[in-house]
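Observations on the three-dimensional arrangement
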Amino acid sequence: AGSVDRIANFIGIPDYDDALQKLVVSQCTFDFMSANADKFDEKLTKMHRNEACGLSKDAGMGSGKVVSGAVGRAQAELSRDLSAEIQSKWEHVIG
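The notes below deal with the structure included here. Because the structure is predicted, anything quoted here is derived from the model rather than measured. (Residues numbered from 1 in each chain as written. Predicted model: local features only at pLDDT ≥ 70, side-chain atom pairs only at ≥ 80, totals over all residues. Heavy atoms only, no water.)

Focus: the environment of D18
With respect to the element layout, D18 can be found in helix α2 (residues 18-26). For D18, a relative accessible area of 58% gives the class exposed. Separated by 13 residues in the primary sequence, D18 and D5 have C-alpha atoms spaced 9.6 Å apart. (Helix = DSSP H or I, 4+ residues; strand = E, 2+ residues; numbered from the N terminus. Buried < 20%, exposed > 50% of the residue type's maximum accessible area, 1.4 Å probe, protein only.)

Re helix α6 (residues 80-94)
Side chains three or four residues apart in an α-helix point the same way, a direct result of the helix having 3.6 residues per turn. Relative to the 21 Å expected for 15 residues at 1.5 Å per residue, α6 spans 20 Å between its end C-alpha atoms, a close match to the ideal helical length. For α6, the tally of buried residues reaches only zero of 15 residues, placing the bulk of the element at the surface. Positive phi shows up at G95, right after α6, with a value of about 110°. (Expected span 1.5 Å × (residues − 1).)

What about unusual backbone geometry?
Notably, D15 is not glycine yet its phi reads approximately 55°, a positive angle. Examined against the element boundaries, D15 turns out to sit in the loop between α1 (2-11) and α2.

Shown next as structure tokens:
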């Protein structure tokens, strides 16, 4: 809850009170996010960007951000080759 308070203060949320803090904290739980996984996916972005990125329209539509409740778990699911390719592209583009 302390982090939520600091973020709300930083971005200047009007009418921030205990009720809003409790709501935000409850909606940050894995249980809430997994029950509402469609609110945490990238469907809209994918629908508009897949083709421009050379992907099929439905690429990645079956996956979302809420997977296991463990931070960093998705990284373990990438193959070593794909991780290396992503890292190489990152270094080429970002530096």
